[in-house]
Amino acid sequence: MKNDHDHAHSASCSHAGWTRRALLGGSASLAAATVFGSPALARRRTPGKPVFVQVFLRGAMDGLTTVVPYGDAALYQLRPTIAVQPPGATNGALDLNGFFGLAPAAAPLLTPYGNGHLAIVHAAGSTGQTRSHFDAYATMELADPTGSLRTGWLSRYLLQAVPPAPVDVRAIGVNTILQLTLKGAPEALAIPNMQQFRFPGALATSALRQAAIVDTYSTEPAPVGPAALDTIAALDLGGIDFGAYVPENGAVYPNTVFGRRMRHTAALIKGDIGVEAVTIDLDGWDLHAELGPIDGHMASLLDELTRALEAFYLDMLAHLDRYVVVCLSEFGRRGLENASAGTDHGHGNAMLAMGGRVNGGQVIANWPGLDAGSLVNGDLAITIDYRDILGEILQDLFGVASLATIFPGHAHVNRGITT
Amino acid sequence: VTPTPPAQLVDAVAAAYTSSGGDIKAMLRVVLARENFRFTAPIVAPKFRRPFHHVVSLFRAMEVRFRLTSPSTPLNTEVLSLLEEMGQVPFDHVQPDGYPDSVDQWGTTLLPRWRFAAILLHNYIGSSISGVFMIRPSDLRARLGFAHDPADRAGLARRMNERFFGGTHSPHETEILQGFIDAYGSFDDTAMFDALALGACLPGFQWY
């Protein structure tokens, strides 16, 4: 019975030769410009610019576990039970440069690091003093010390970097909610699962329903109205078949939501539909108790993160100039372990940057030390502002001439993160 | 009291939290005290439904009943999966600040809620989501005053708005929905659910 109905609909709806674009164009003049920028008309990315991929480690990742400063003896006084031991010890760190080492669970990072395509920045972060996750997100992602701007730093880059030709979607927050980093960004959408970014429901009436949505949403105020029109325009994401996508070089992504999102991001970049920025979150790092750096929660998170990064690196090995990945967290953890074998909210942290033009194979740090006289309120001090890393990448890889509007009030210092 | 309470009320609740050792009743007494109700701000602008609200609204409109897989599984797992796609699984927000509650956060992720409406209402034959049962098509037709007579199509979008969508559609949205209904060659039960799915996607139904 149902099939009969569907056939009837097909017959009744197809006679007029409806197509999605024709219907959309005819139904909503206000939305015409956006709608006609449908996937078939998508322009390619700006030549020479990579896609910026931000991986935000929400909950405050413990950089002293991920990238262990085993050469600083004070670490083992602060964390007598949870610090990763030096290289050579049982479950010891994997040496990077004679002073820093990776947690064993982060071993997959050695692949891009050893090839010179992954750099680690330590004692880095946002110099804001808050210990609130949410205030720290806002501080870091908006990067607006004046509090007067209502946009994320990445949005401000996109607003000033006008693409050479219109595109359907310029930025994707791979999330159910658009991250603050992309707040106010042009043609930015939250897409939790790229594989499902297709218009749902009966195929026979799909075009009519899209037209109705464009018509009715075209007068809705921001953010709803523009988001609806951008959604319709970007449907199918250029026809990329995310479900059938096969990673190159035998890369195997973790079978997790984060792994899937990184895999889809690789497919998206190769699909070349004009997306300039992608933001992905990996949550769960707020480990106040039972840190588990070797076989517990932290190890599990590190395993998921670093296997996904390694898979992405291998998958994109022939496309190294087409992306730059930056991993960062809102703040680090306190130097001292707590009574629950965990760590509390701190300050300085580690960042990661990966890509063909990243000056990798090194730990960039102006190490402040972990002795009592060097800690700041019990925390690792910040000697490299995270905006220096992002700013240098924007200048060298994205051709940004001035960072004044992207990072207002910040005096930029080059840290040698790019080649 | 208000989505944006004044600092003095927040401070008073914080003081109650501290002095009572986190007793919720003590904090609510402060919030609901007569002197603090002067901060009450009537909602003068509609709010954007969060995904859970959207789902429940549609379930209520469609008189949904559940058949649970087991007493130990109090929520339908398929519905939970759809809520996960939309970003609001109950009691699953990792951070301690609760799910956000503003259009700025939810208003840019529309496709998953359109998808939910389509999944629930398209291909409706008894139960489009396992364990979820909606109003019977015959009851639906009776409620809409629609008996497959072509003449019954007139004003059908208006009746859908009045009897299923709580009057949330604007006159223009009703006009667009009616145009969609009129474009059908033959308008059967499947078409009726297709039109309801579209109605659930229109902007008016996203607000309350």
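Refer to the structure printed above.
Let me begin by describing the structure that accompanies this report. (Residues numbered from 1 in each chain as written. Chains lettered and ligands numbered in written order. Predicted model: local features only at pLDDT ≥ 70, side-chain atom pairs only at ≥ 80, totals over all residues. Heavy atoms only, no water.)

1. Concerning the overall build of chain B
Okay, so step 1: If you tally the helices and strands in chain B, you get ten helices and two strands.
Okay, so step 2: The N-to-C order of helical and strand elements in chain B reads α-α-α-β-α-α-α-β-α-α-α-α.
Okay, so step 3: When the 208 residues of chain B are sorted by exposure, 47% land in the buried category.
Okay, so step 4: Summed over its atoms, the accessible surface of chain B is roughly 10300 Å², and 58% of this surface lies on carbon and sulfur atoms. (Helix = DSSP H or I, 4+ residues; strand = E, 2+ residues; numbered from the N terminus. Buried < 20%, exposed > 50% of the residue type's maximum accessible area, 1.4 Å probe, protein only. Areas by Shrake-Rupley, 256 points an atom, 1.4 Å probe, with all protein chains shown as cover.)

2. Considering the interface of chain A and chain B
Okay, so step 1: The interface of chain A with chain B comprises 41 residues on the first partner and 44 residues on the second.
Okay, so step 2: Together, the buried faces of chain A and chain B total about 3600 Å²; carbon and sulfur atoms form 70% of this surface.
Okay, so step 3: Summed over the three residues of chain A that lose the most area to chain B, namely Thr176(A), Ile177(A) and Tyr217(A), the buried surface amounts to 14% of that side.
Okay, so step 4: Linking chain A with chain B are one salt bridge.
Okay, so step 5: Measuring nitrogen to oxygen at the nearest pair gives 3.7 Å for the salt bridge that ties Asp194(B) to Arg209(A).
Okay, so step 6: Summed over the shared surface of chain A and chain B, the result is seven residue pairs in polar contact (both at pLDDT 80 or more).
Okay, so step 7: Looking at the side of chain A that touches chain B, the elements with two or more residues in it are helix H1 (2-14), helix H7 (133-142), strand E7 (188-190), helix H9 (206-217) and helix H10 (224-234) of chain A.
Okay, so step 8: By residue number, the principal contributor to the side of chain A that touches chain B is H9(A), which donates seven residues. (Contact = heavy atoms within 4.5 Å. Buried area = accessible area lost by both parts, 1.4 Å probe. Salt bridge = Lys/Arg side-chain N within 4 Å of Asp/Glu carboxyl O. Polar contact = N/O pair within 3.5 Å; in protein donor to acceptor, adjacent residues only side chain to side chain.)

3. What about the sheet that holds strand E2 (residues 67-68) of chain A?
Hydrogen bonds between backbone atoms are what pair the strands of a sheet, whose relative direction is either parallel or antiparallel.
Residues and elements named next belong to chain A.
Okay, so step 1: Pairing in this open sheet of three strands is antiparallel, and the strands run E2-E4-E3 from one edge to the other. Of all the strands in the sheet, just E2 and strand E3 (94-95) have a single pairing partner and so form its edges.
Okay, so step 2: The sheet contact formed by E2 and strand E4 (residues 101-102) spans two bridges and is antiparallel. Pairing of Val67 across the sheet is with Leu102, part of E4. (Pairing = 2+ DSSP bridges.)

4. Examining empty space enclosed by the protein
Okay, so step 1: Summed over the entire model, instances satisfying the criterion amount to six cavities of 30 Å³ or more.
Okay, so step 2: One number sums up the size of the largest cavity: a volume of about 120 Å³.
Okay, so step 3: Lining of the largest cavity is provided by 15 residues; of these, Pro192(A), Gln196(A), Phe197(A), Leu111(B) and Pro112(B) occupy positions nearest its centre.
Okay, so step 4: For the lining of the largest cavity, the elements supplying multiple residues, two or more each, are E7 of chain A together with helix H6 (111-121) of chain B.
Okay, so step 5: The element contributing the most residues to the lining of the largest cavity is H6(B), with three residues.
Okay, so step 6: Class assignment for the residues of the lining of the largest cavity results in eight nonpolar, five polar and two charged. (1 Å grid on protein atoms, 1.4 Å probe; cavity = no way out; pocket = protein on both sides within 12 Å on 5 of 7 lines; lining within 4 Å. Points joined across faces, edges and corners; volume = space filled by probe spheres on them. Nonpolar A, V, L, I, M, F, W, Y, C, P; charged D, E, K, R; others polar.)

5. As for helix H9 (residues 171-183) of chain B
Okay, so step 1: When the terminal C-alpha atoms of H9(B) are compared, their 18 Å separation across 13 residues agrees well with the 18 Å that a helix rising 1.5 Å per residue should span.
Okay, so step 2: Among the residues making up H9(B), those that are buried are Glu173(B), Thr174(B), Ile176(B), Leu177(B), Gln178(B), Phe180(B) and Ile181(B).
Okay, so step 3: Looking at the buried positions of H9(B), the neighbouring elements they touch are H9 of chain A together with helix H8 (156-163) and helix H10 (189-201) of chain B. (Expected span 1.5 Å × (residues − 1).)

6. Topic: the pattern of salt bridges
Residues and elements named next belong to chain A.
Okay, so step 1: One pass over the full model with this rule turns up 20 salt bridges over all chains.
Okay, so step 2: We note a salt bridge from Glu141 to Arg58, for which the minimum N-O separation is 2.9 Å. Of this pair, Glu141 sits in helix H7 while Arg58 sits in strand E1 (residues 51-58), and the two are 83 residues apart along the sequence.
Okay, so step 3: Judged by relative accessible area, which is 1%, Glu141 ranks as buried.
Okay, so step 4: Measuring nitrogen to oxygen at the nearest pair gives 2.8 Å for the salt bridge that ties Arg387 to Asp385. Like Asp385, Arg387 is buried.
Okay, so step 5: Overlapping salt bridges, with partners in common, bring together Arg58, Glu141 and Asp281 in one network.

These figures capture arrangement, not role.
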